[in-house]
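# Observations on the model geometry
Chain by chain, the residues run as shown.
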Amino acid sequence: VYHHALQMPRLRFMIADDAGAGKTIMAGLILKEMQQRGLVERVLIVSPGHLKDQWRREMKERFNTTFTLVNRQVVRSNWRENVWRQHPKAIASIDFLKQDDIEKTLKGARWDLIIVDEAHKMSAYAYDTKEGTKIDKTQRYQVGEVLSEQTEHMLFLTATPHKGDEKNFQLFLDLLRPGFFAKEGLLKESVEEGENPLFVRRLKEDMRKFNGEPIFPPRHVRTAQFPLTTPEKKLYNDVTSY
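Note that the coordinates shown come from a computational prediction; the quantities given were computed from them, not determined experimentally. Each chain has its residues counted from 1, running along the sequence as written. Local features in this predicted model are restricted to residues whose pLDDT is 70 or higher, and side-chain atom pairs enter the listing and the counts only when it is 80 or higher, whereas totals over whole chains, interfaces and linings include all residues. Heavy atoms throughout the structure, all of them, feed into the side-chain values; hydrogens and water do not.

### Describing the layout of surface pockets
Where we set the bar: For cavity detection a 1 Å grid was placed over the protein atoms alone, and a set of points counts as a cavity when a 1.4 Å probe fits there but cannot get out; an open set counts as a pocket when protein lies on both sides within 12 Å along at least five of seven lines, with lining residues being those that have an atom within 4 Å of a point. Grid points are joined across faces, edges and corners, and a volume is the space filled by probe spheres set on the points. A run of DSSP states H or I qualifies as a helix once it reaches four residues; a run of E qualifies as a strand once it reaches two. Both are numbered from the N-terminal end. Classification used: nonpolar for Ala, Val, Leu, Ile, Met, Phe, Trp, Tyr, Cys and Pro, charged for Asp, Glu, Lys and Arg, polar for all others including Gly.
Reported here for the largest pocket is a volume of approximately 210 Å³. At the level of elements, α1 (23–36) and α2 (52–63) are the ones that each hand at least two residues to the lining of the largest pocket. In terms of residue count, the dominant contributor to the lining of the largest pocket is α2 (3 residues). Broken down by class, the residue content of the lining of the largest pocket amounts to 5 nonpolar, 4 polar and 4 charged. As for the second largest pocket, its lining consists of V1, Y2, H3, H4, A5, F13, I15, M26, V200 and R202.

Structure below.
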């Protein structure tokens, strides 16, 4: 929070730590610090639908900041008004925002800060054809493009930022800073040399208390053998064949 994100005059950053490492808390700290500095007033939190209530509860209980859950009912109650202008601190799901009529309303509003949880779901895919490289943008990715244009500061949270394809990862990071890694191989080189300014990723195994002790106990993986009954074995084989 203090050594990476808040050092940026214009926050365009991704926290990609392991699941359970406190990304929500760090997002709340960034929000409060930026509020205290007078940088942020209008805030939008974008999350998966099943996490909306959790976000609102944690922002209220831990950071004393009240957010409005914006859904279809709230939009109807603000008929003929831009719902985002009426609610300066809002939470909405990514799948709600990708609906055509809702996406259009995003273009009529501005935010100081947008926080996107599970940001990797805004994905685009590049593949080669005879005519050249073609890019397939999902609806969620297109929403991300709109949001990126409508806000000054943007924060991504995800535990799984990379899907194994450098080009797709580059497209994902373009939502934060378009064209920042435009040259081929620049992204890979910056990550390998530890000079990447766009995101931080830490595994649970790397996290330590102030005295150097591991925060999380070590994880040991082993195969547990067990016998199957005849019906269980039939089910297992049928599923495997399928």
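From this point, the narrative continues.
### A short note on empty space enclosed by the protein
This structure, assessed with the given rule, holds 2 cavities of 30 Å³ or more. Together, 13 residues line the largest cavity, and P161, K163, N168, F169 and F172 are the ones closest to its centre. Of all the secondary structure elements, the ones that give two or more residues to the lining of the largest cavity are β6 (124–129) and α8 (166–173). Here the lining of the largest cavity takes 3 residues from α8, the largest share from any one element. Looking at the lining of the largest cavity residue by residue, the classes come out as 6 nonpolar, 5 polar and 2 charged. Space inside the second largest cavity adds up to approximately 40 Å³. If you go around the second largest cavity, the residues you meet are V46, I94, V116, D117, E118, A119, K121 and M122. Classifying every residue of the lining of the second largest cavity gives 5 nonpolar, no polar and 3 charged.

### What about a nonpolar patch on the surface?
Selection rule: Each patch groups residues whose relative accessible area exceeds 30% and which form no salt bridge, using 9 Å between like charges and 5 Å between nonpolar side chains of Val, Leu, Ile, Met, Phe, Trp and Tyr. Here the accessible surface of atoms and residues is derived via Shrake-Rupley with a 1.4 Å probe, and residues count as covered only by protein chains that are part of the display. Throughout this description, the term salt bridge denotes a Lys or Arg side-chain nitrogen within 4 Å of a carboxyl oxygen of Asp or Glu. Three labels apply to residues, based on accessible area from a 1.4 Å probe with only protein chains included: buried if under 20% of the type maximum, exposed if over 50%, partly exposed otherwise in between.
A cluster of nonpolar side chains, namely Y2, I25 and L29, defines an oily patch on the protein surface of about 230 Å² accessible area. Note that L29 resides in helix α1. Exposure remark for L29: the relative accessible area of 31% places this residue in the partly exposed category.

### Things to note about the packing of α1 against α2
Definition in use: The angle between two axes is taken between their N-to-C directions and runs from 0 to 180 degrees, where each axis is a line fitted to C-alpha atoms and a helix contributes only its stretch in contact. Should an angle fall under 35 degrees it is taken as roughly parallel, and over 145 as roughly antiparallel, whereas 65 to 115 is taken as roughly perpendicular and any remaining angle as oblique. For a crossing to be left-handed, the near helix must be turned anticlockwise from the far one by less than a right angle; the clockwise case is right-handed. In what follows, residue pairs with any heavy atoms lying within 4.5 Å of each other are defined as contacts.
Running from N to C, α1 and α2 point in directions that differ by 60°, and their axes come no closer than 11 Å. With respect to α2, the element α1 is oriented oblique. Pair α1 / α2 crosses with right-handed handedness. Between α1, through T24, I25, A27, G28, L29, L31 and K32, and α2, the contact on the second element is made entirely by W55, E58, M59, R62 and F63. Of the residues assigned to the contact of α1 with α2, the class counts are 7 nonpolar, 2 polar and 3 charged.

### Some details on the side chain of K23
Note the threshold: Two residue types count as positive, namely Lys and Arg, and two as negative, namely Asp and Glu; His and chain ends fall outside the count. Under the rule applied, a polar contact is a pair of N or O atoms within 3.5 Å (in protein, one hydrogen donor and one hydrogen acceptor; residues adjacent in sequence only if both atoms are side-chain atoms).
Here K23 shows up in helix α1. Buried charged residue K23 carries no salt bridge. Nearest counter-charge: D117, at 6.5 Å. From its side chain, K23 meets the backbone oxygen of D17 in a polar contact 3.1 Å long. Aside from chain neighbours lying at most four places away, what touches K23 is I15, D17, D18, L157, T158 and A159.

### Notes on the sheet that holds strand β3 (residues 68–69)
This is how it is decided: When DSSP finds two or more bridges between a pair of strands, those strands are recorded as paired.
Pairing is parallel in the open sheet, where 7 strands are placed in the order β3-β4-β2-β5-β8-β1-β9. Looking at strand neighbours, the two that pair on one side only are β3 and β9 (199–200), the edges of this open sheet. Where β3 lies against strand β4 (residues 89–93), 2 bridges are found, and the strand directions are parallel. Looking at β4, one finds that L69 is bridged to I91. On top of the sheet, helix α7 (residues 139–149) reaches β1 (12–15), β2 (43–47), β5 (111–117) and β8 (151–157); it is set at about 135° to β8, its chief contact.

Taken by themselves, the reported measurements are silent on function.
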